[in-house]
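Letter by letter, the chains look like this.
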Amino acid sequence: MNGPRKPASFRIEPDISALRAEETLSLTISRSPRAMHPEAVVVTPAMIDVFEEPDEAARIPPPAVAPKRRSRLGAIFLGAFGILVSLAAGLWADRLIRELFERAEWLGWLAAGMAAIAALALAVILTRELLAVARLASVERLRAKALAALA
């Protein structure tokens, strides 16, 4: 072989006979379709014009429905269960670190360091979330002031 083929370009001339046929079809009188009989087609004006109806986006939305009140007993259960799981995780981590110290001192220090890093990361996450909630509260206060100013 002589190597890869070089790209080539060429011009395609428009098919004049096809263009002329389209022009003659558009100029001829349109005929009724074969599948439909003209007497079977009855067009009556609609009773309601869909374009005169109000736009869906312009309609006033229905009033917001307050969410159902949740059970206080369920909230107490979830809070108590969360605290219990947290205590269990803390005791598990404490026992793990103690056992690693008994096995090898460097393993205990490694586990203690990882626990400290995890605690620090949790503190940073909680701080960021609390700041985000504070920002949302300030935006809500601004919105309430704007609504009061408009009223």
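Structure: see above.
Residues numbered from 1 in each chain as written. Predicted model: local features only at pLDDT ≥ 70, side-chain atom pairs only at ≥ 80, totals over all residues. Heavy atoms only, no water.

Student: I tried to follow the overall build of the protein on my own but got confused; where do I start?
Tutor: Helix and strand counts for the protein stand at 3 helices and 0 strands. Starting at the N terminus and walking to the C terminus, you meet the elements of the protein as α-α-α. Here the protein holds 151 residues, and the buried ones make up 3% of them. With an accessible surface of roughly 15500 Å², the protein has 67% of that area assigned to carbon and sulfur atoms. (Helix = DSSP H or I, 4+ residues; strand = E, 2+ residues; numbered from the N terminus. Buried < 20%, exposed > 50% of the residue type's maximum accessible area, 1.4 Å probe, protein only. Areas by Shrake-Rupley, 256 points an atom, 1.4 Å probe, with all protein chains shown as cover.)

Student: Please explain the pattern of salt bridges as it appears in this structure.
Tutor: A side chain with one charge can pair with a side chain of the opposite charge if their charged atoms come near. Across all of its chains, the model carries 3 salt bridges by this definition. Put simply, arginine 95 and glutamate 99 hold a salt bridge, and the shortest N to O gap is 3.6 Å. Of this pair, arginine 95 and glutamate 99 both sit in helix 2 (residues 72-103), 4 residues apart, roughly one helical turn. You can call arginine 95 exposed: its relative accessible area is 56%. Residue class for glutamate 99 comes out partly exposed when judged on its relative accessible area of 44%. Linking arginine 143 and glutamate 140 is a salt bridge whose minimum nitrogen-to-oxygen distance equals 2.7 Å. Taken together, the residues span about one helical turn, with arginine 143 and glutamate 140 both in helix 3 (residues 105-150) at a distance of 3 residues. (Salt bridge = Lys/Arg side-chain N within 4 Å of Asp/Glu carboxyl O.)

Student: Looking at this model, I keep getting lost on the packing of aromatic side chains. Mind explaining?
Tutor: To describe a pair of aromatic rings, you give the distance between the ring centres and the angle between the ring planes. Tallied over the entire structure, the rule returns 2 aromatic pairs. Plain terms: the ring middles of phenylalanine 77 and phenylalanine 81 are 5.9 Å apart, the flat faces sit at 20° to each other, and that makes the pair stacked. Of this pair, phenylalanine 77 and phenylalanine 81 both sit in helix 2, 4 residues apart, roughly one helical turn. Residue class for phenylalanine 77 comes out exposed when judged on its relative accessible area of 52%. The partly exposed category is assigned to phenylalanine 81, whose relative accessible area is 45%. With 5.3 Å between their ring centres and 85° between their planes, phenylalanine 101 and tryptophan 109 make a pair best called edge-to-face. Judged by relative accessible area, which is 32%, phenylalanine 101 ranks as partly exposed. (Phe/Tyr/Trp six-rings, centres within 6.5 Å; stacked < 30°, edge-to-face > 60°.)

Student: Even after reading the chapter, I still don't get helix 2, so can you show me in this structure?
Tutor: Look at helix 2: 46 Å from first C-alpha to last across 32 residues, which is about the 46 Å you get at 1.5 Å a residue. Its side-chain oxygen 3.2 Å from the backbone nitrogen of leucine 73, serine 71 forms the N-cap of helix 2. (Expected span 1.5 Å × (residues − 1). Polar contact = N/O pair within 3.5 Å; in protein donor to acceptor, adjacent residues only side chain to side chain.)

Student: Please clarify how the packing of helix 2 against helix 3 should be interpreted in this entry.
Tutor: Two quantities define a packed helix pair, namely the angle between the helix axes and the distance between the axes. Contact geometry for helix 2 and helix 3: axes closest at 5 Å, N-to-C directions at 155°. Taken together, helix 2 and helix 3 sit at an angle that is classed as roughly antiparallel. Considering only the axes of helix 2 and helix 3, their crossing is left-handed. Residues Ile97, Leu100, Phe101 and Arg103 of helix 2 touch helix 3, and the partners they reach there are Glu105, Leu107, Gly108, Trp109, Ala111, Ala112 and Ala115. (Axes fitted to C-alpha atoms, helices over the stretch in contact; angles between N-to-C directions. Parallel < 35°, antiparallel > 145°, perpendicular 65-115°, else oblique. Left-handed = near helix turned anticlockwise from the far one by under 90°. Contact = heavy atoms within 4.5 Å.)

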